[in-house]
Amino acid sequence: MRFESFLRALDMGKCEDQLQRETLLDIALLFVAIDGRITDSETAFIDDWLSGMPWNGESNKDEYVAEALEKVQKTISDNNIENFIAHHANQLVDAHLREQAVQLANDIANVDGDLDETEANAIEMLKSYLS
């Protein structure tokens, strides 16, 4: 019985880690698309970042990215950005990942050399929800 509890605890940690990775990726993709254009530099940044990320999701990384990008674009077109950020900020429980989310947002927003007002406002919103 104790061994089964131990295995469940390990599995829960693995699931929580994957959920936080997916949440971080969702946030990153929001900042890729939030200014209305996806540049080659943003795509290259995401691809490079993802190459080093462990992944044990139900779908592979590429499938997840495609599905998440569709959801992000719908969020943007529905002007539901604040709710998206608030929801995803709550899912990041690890302090290191909360810091990484803000750093990613900044890096992605600036990688194309143009910090759009929408990106800047969303970064500030993300910071406020994560603090």
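This structure is a prediction, so every number in the text was calculated from the model and none was measured. (Residues numbered from 1 in each chain as written. Predicted model: local features only at pLDDT ≥ 70, side-chain atom pairs only at ≥ 80, totals over all residues. Heavy atoms only, no water.)

With that settled, consider the side chain of aspartate 35. Note on placement: aspartate 35 falls in the loop between helix H1 (2–33) and helix H2 (40–51). What makes aspartate 35 buried here is its relative accessible area of 13%. From its side chain, aspartate 35 meets the backbone nitrogen of arginine 37 in a polar contact 3.2 Å long. Residues in contact with aspartate 35, not counting those within four places in the same chain, are Glu42, Asp112, Asp116 and Glu119. (Helix = DSSP H or I, 4+ residues; strand = E, 2+ residues; numbered from the N terminus. Buried < 20%, exposed > 50% of the residue type's maximum accessible area, 1.4 Å probe, protein only. Polar contact = N/O pair within 3.5 Å; in protein donor to acceptor, adjacent residues only side chain to side chain. Contact = heavy atoms within 4.5 Å.)

Among the nonpolar cores identified, the biggest contains 36 residues, and Leu25, Leu29, Leu30, Phe31, Ile46, Trp49 and Leu126 are the most heavily contacted of them. When contributions to this core are tallied by element, the ones reaching two or more residues are H1, H2, helix H3 (61–77), helix H4 (81–91), helix H5 (95–111) and helix H6 (117–130). The element best represented in this core is H1, accounting for 9 residues. For leucine 25, the contacting residues outside a window of four places in its chain are Trp49, Leu50, Trp55, Tyr64 and Val65. (Core = buried A, V, L, I, M, F, W, Y, C linked by side-chain atoms within 4.5 Å.)

A few words now on the layout of surface pockets. Put simply, the largest pocket is a space of about 200 Å³. Of all the secondary-structure elements, those providing two or more residues to the lining of the largest pocket are H1, H3 and H4. If you tally residues by element for the lining of the largest pocket, the top one is H3, at 6 residues. Each residue belonging to the lining of the largest pocket can be placed in one class, and the counts come to 5 nonpolar, 4 polar and 4 charged. (1 Å grid on protein atoms, 1.4 Å probe; cavity = no way out; pocket = protein on both sides within 12 Å on 5 of 7 lines; lining within 4 Å. Points joined across faces, edges and corners; volume = space filled by probe spheres on them. Nonpolar A, V, L, I, M, F, W, Y, C, P; charged D, E, K, R; others polar.)

A few words on the pattern of salt bridges. Taken as a whole and judged by the stated rule, the model has 5 salt bridges. Note that aspartate 114 and arginine 37 form a salt bridge whose closest N and O atoms lie 2.6 Å from each other. Linking aspartate 114 in the loop between H5 and H6 with arginine 37 in the loop between H1 and H2, this pair joins segments that are 77 residues apart in sequence. What makes arginine 37 partly exposed here is its relative accessible area of 34%. Where salt bridges share partners, they join Asp35, Arg37, Asp112 and Asp114 into one cluster. (Salt bridge = Lys/Arg side-chain N within 4 Å of Asp/Glu carboxyl O.)

On to a negative patch on the surface, then. A surface patch of negative charge is lined by Asp47, Asp48, Asp62, Glu63, Glu67 and Glu70. Listed by contribution, the elements that provide at least two residues to the negative patch are H2 and H3. Counting residues per element, the negative patch draws most heavily on H3, which supplies 4 residues. Tracing the backbone through its elements, the reader meets aspartate 62 in helix H3. (Patch = residues over 30% accessible without salt bridge, like charges linked within 9 Å, V, L, I, M, F, W, Y side chains within 5 Å. Areas by Shrake-Rupley, 256 points an atom, 1.4 Å probe, with all protein chains shown as cover. Lys, Arg positive; Asp, Glu negative; His and termini not counted. Charge placed at Lys NZ, Arg CZ, Asp CG, Glu CD.)

Looking at the protein chain, the pLDDT average stands at 90 and 89% of residues meet or exceed 70. The low-confidence segment residues 1–13, where pLDDT is below 50, has 0 contacts with residues more than four positions distant or belonging to other chains. (pLDDT = per-residue confidence, 0-100.)

Where H4 contacts H6, the axes come no closer than 9 Å and their chain directions differ by 35 degrees. Crossing of H4 over H6 shows right-handed handedness. Here Glu82, Ile85, Ala86 and Ala89 of H4 come into contact with H6, specifically with Ala122, Met125, Leu126, Tyr129 and Leu130. (Axes fitted to C-alpha atoms, helices over the stretch in contact; angles between N-to-C directions. Left-handed = near helix turned anticlockwise from the far one by under 90°.)

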